[in-house]
Amino acid sequence: GWENGHITMYKLVRSCSQGVLPRVAGQGVLPRVSAPLAARGHSTAYNLIEVGKFTAPKVTGNYDCGQLFLHKKLDYRGVILFPWVARVFSRNNKAFPTLFDSKLKKGEVDDIPGFTKESYQTVIYYQVLLDFRDCPIVSQREGITFLGQNSDNKFYTIPGIDYISHENVLPYEHSESIRDPIQHNLFQKFLEKKTDPNEVTSYYSTNMLHQFHEDNFDCLRLRDVHCQTTNGVKITVYSFFMGCRSETPTKEHWWRYSILMENVGDITVQLRERTWCIFSNADNKESVTGKGVVGQEPLLAPGQCFQYSSLVSLRSSAGHMWGTYLFEREDRKFINVSIPPFLLVSKVNEAQT
């Protein structure tokens, strides 16, 4: 129904100005407050205000810096900063070389097969700023973590920055009645507001954003994305090299990885346990088992998602990891869900991968 014009987008707000973004079924159709909101302890005093109008998603071409959007799956508002071209390796793609995973799990890293063009898809991912007002509906406040340079070995985190695939962008134009389309302390530093003679407002990148991109290119670059669907749950994972910590006797190489788990089945599931196998190219292998992830055991109804990030360190400049999630279905049966193997690559050896 995009041919019929813009679809009005509404925000459900409380008196304290925090709230959620409900899905709008069509033009002029106001969403209802669902029962789960009360179950999560939210107030029932809500008002609807218009925050913008959806525009037609792009079938071809990329979105420009400054494009406002609603995340198709995680339901938060954001603004696009810049794009990355990523290779997406799906284990459900019949052209993917199964020998790649089996070799990695055996530690035979020097004998892993190469990739053909048929074994992956090239997908545009965008680095984006999240609206802090929508953080209550995001599983955790996403961000990027850096390791200080030179003698500085501290970790630094910039909250409210995420990566989103092109297909999950629902673009919209914000309502002029909303003074701040995105509430993030970097919004006005990274983006400049301009209004054309027709009084159409757009946002453009600033010199600070370009400098941020240039100075932190290696920590920001998204190269490869791995995904796999097992027993009705899809896992998507990607990693970033953060740097080395040299204050210890042996250098520690650090990576950040992000995981999106999505229930693509027809029955509710809840995460109970995780098991990781972490392999260092220095011939060290470690297995880690624990309850849930990041202190939570997310409950996923069909179509729901949960996203989180974590850190891992190795004593070598390269390695890989893979794992398994144990989910409990609503019928009390347990299922294993695979986390596909993915490489941990540093600047030291990325030219060889």
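Only a predicted model underlies this, so the values are computations on that prediction, with no experimental measurement involved.

Asks: Before we move on, can you summarise the overall build of the protein with the specific residues and values?
Replies: For the protein, the count of helices and strands is five helices and 21 strands. In the protein, buried positions account for 48% of the 353 residues. Residue pairs at least 24 apart in sequence account for 68% of intrachain contacts in the protein once pairs closer than 6 positions are excluded. Carbon and sulfur atoms form 47% of the exposed surface of the protein, whose accessible area is close to 18100 Å².

Asks: Outline the confidence of the model for the protein, listing residues and values.
Replies: In the predicted model, the protein carries a mean pLDDT of 82, and 80% of its residues have values of at least 70. Mean pLDDT per element in the protein: helix α1 (residues 35–39) is the minimum at 31, and strand β13 (residues 224–230) is the maximum at 97. Note that pLDDT drops below 50 for residues 1–6; the model gives that stretch eleven contacts with residues more than four away or on any other chain. In the predicted structure, residues 12–44 sits below a pLDDT of 50 and forms 57 contacts with residues beyond four places in sequence or in another chain.

Asks: Kindly report on the packing of aromatic side chains, identifying the contributing residues and their values.
Replies: For the coordinates displayed, the defined rule picks out 22 aromatic pairs. Each ring, one from F82 and one from W84, has its centre 5.7 Å from the other, and the planes form 80°; the classification is edge-to-face. Across this residue pair, the class does not change: F82 and W84 are buried. Taken together through their ring pairs, the aromatic side chains of F89, F96, F100, F115 and Y120 make up a single cluster. Residue placement shows R87 over the ring face of Y120; its charged tip is 5.5 Å from the ring centre. Lying over the aromatic face of Y204, K194 brings its terminal NZ or CZ to 5.2 Å of the ring centre.

Asks: Before we move on, could you go through unusual backbone geometry and cite the residues and values that matter?
Replies: Phi is positive for V294, close to 40°, though the residue is something other than glycine. Tracing the chain through its elements places V294 in the loop between β17 (284–291) and β18 (299–300). Within the chain, R332 stands out as a residue other than glycine whose phi angle is a positive 75°. With respect to the secondary-structure elements, R332 resides in the loop between β20 (318–329) and β21 (334–345).

Asks: Could you give an account of the pattern of salt bridges, naming the residues involved and the relevant values?
Replies: Under the defined criterion, the tally for this structure stands at twelve salt bridges. A salt bridge links D131 to R77; the shortest N-O distance between them is 3.9 Å. Of this pair, D131 sits in the loop between β6 (121–130) and β7 (143–147) while R77 sits in strand β5 (residues 77–90); the two residues are 54 residues apart in sequence, bridging distant segments of the chain. Both residues of the pair, D131 and R77, count as buried. Overlapping salt bridges, with partners in common, bring together R272, K291, E297, E328 and R332 in one network.

Asks: Describe the nonpolar core, naming the residues involved and giving the relevant values.
Replies: Counting residues in hydrophobic clusters, the biggest one holds 30 residues, and the most contacted among them are L129, Y163, F190 and L222. In terms of residue count, the dominant contributor to this core is β5 (six residues). Ignoring anything within four residues of it in the chain, the contact list for L222 reads W84, V85, A86, Y125, Y163, Y238 and F240. Among the nonpolar cores identified, the runner-up in size contains 27 residues, and V233, I235, I267 and Y308 belong to it.

Asks: A description of the pairing of β5 should follow, citing residues and the corresponding values.
Replies: Within β5, eleven of the 14 residues are buried, which leaves it mostly tucked inside the rest of the structure. In this structure, strand β4 (residues 68–71) lies alongside β5, joined through three bridges in antiparallel fashion. Each bridged residue has a counterpart across the sheet, and for L70 the counterpart in β5 is R77. Following β4, the chain reverses through five residues before pairing antiparallel with β5; D75 in that reversal takes a positive phi of roughly 65°.

Asks: Can you lay out the side chain of S119 for me, pointing to particular residues and giving the numbers?
Replies: With respect to the helices and strands, the residue S119 is situated in the loop between α2 (98–106) and β6. Side-chain polar atoms of S119 contact the backbone oxygen of T116, separated by 2.6 Å. Filtering out sequence-adjacent residues up to four positions away, S119 remains in contact with F89, N93, A95, F96 and P97.

Asks: Break down the environment of S165 for me, citing the residues and quoting the values.
Replies: Counting through the fold element by element, S165 comes out in strand β9 (residues 161–165). Residue S165 is classed as buried on the basis of its relative accessible area, which comes to 6%. It is 9.9 Å that separates the C-alpha atoms of S165 and V85, two residues lying 80 residues apart in sequence. Sequence-distant contacts of S165, that is, excluding residues within four places in its chain, are made with V123, I124 and Y125.

Asks: Help me get a handle on the pairing of strand β15 (residues 252–263), residues and values and all.
Replies: With eleven of twelve residues buried, β15 lies mostly within the body of the structure. Note that strand β14 (residues 233–245) and β15 share twelve bridges and pair antiparallel. Paired with V237 across the strands is I259, a residue of β15. As judged from the ten bridges shared by β15 and strand β19 (residues 305–314), these two strands associate in the antiparallel manner. Bridging from a neighbouring strand, H253 pairs with L314 of β19.

Scoring rules and cut-offs
- Residues numbered from 1 in each chain as written.
- Predicted model: local features only at pLDDT ≥ 70, side-chain atom pairs only at ≥ 80, totals over all residues.
- Heavy atoms only, no water.
- Helix = DSSP H or I, 4+ residues; strand = E, 2+ residues; numbered from the N terminus.
- Buried < 20%, exposed > 50% of the residue type's maximum accessible area, 1.4 Å probe, protein only.
- Contact = heavy atoms within 4.5 Å.
- Areas by Shrake-Rupley, 256 points an atom, 1.4 Å probe, with all protein chains shown as cover.
- pLDDT = per-residue confidence, 0-100.
- Phe/Tyr/Trp six-rings, centres within 6.5 Å; stacked < 30°, edge-to-face > 60°.
- Lys NZ or Arg CZ within 6 Å of the ring centre and 35° of its normal.
- Salt bridge = Lys/Arg side-chain N within 4 Å of Asp/Glu carboxyl O.
- Core = buried A, V, L, I, M, F, W, Y, C linked by side-chain atoms within 4.5 Å.
- Pairing = 2+ DSSP bridges.
- Polar contact = N/O pair within 3.5 Å; in protein donor to acceptor, adjacent residues only side chain to side chain.

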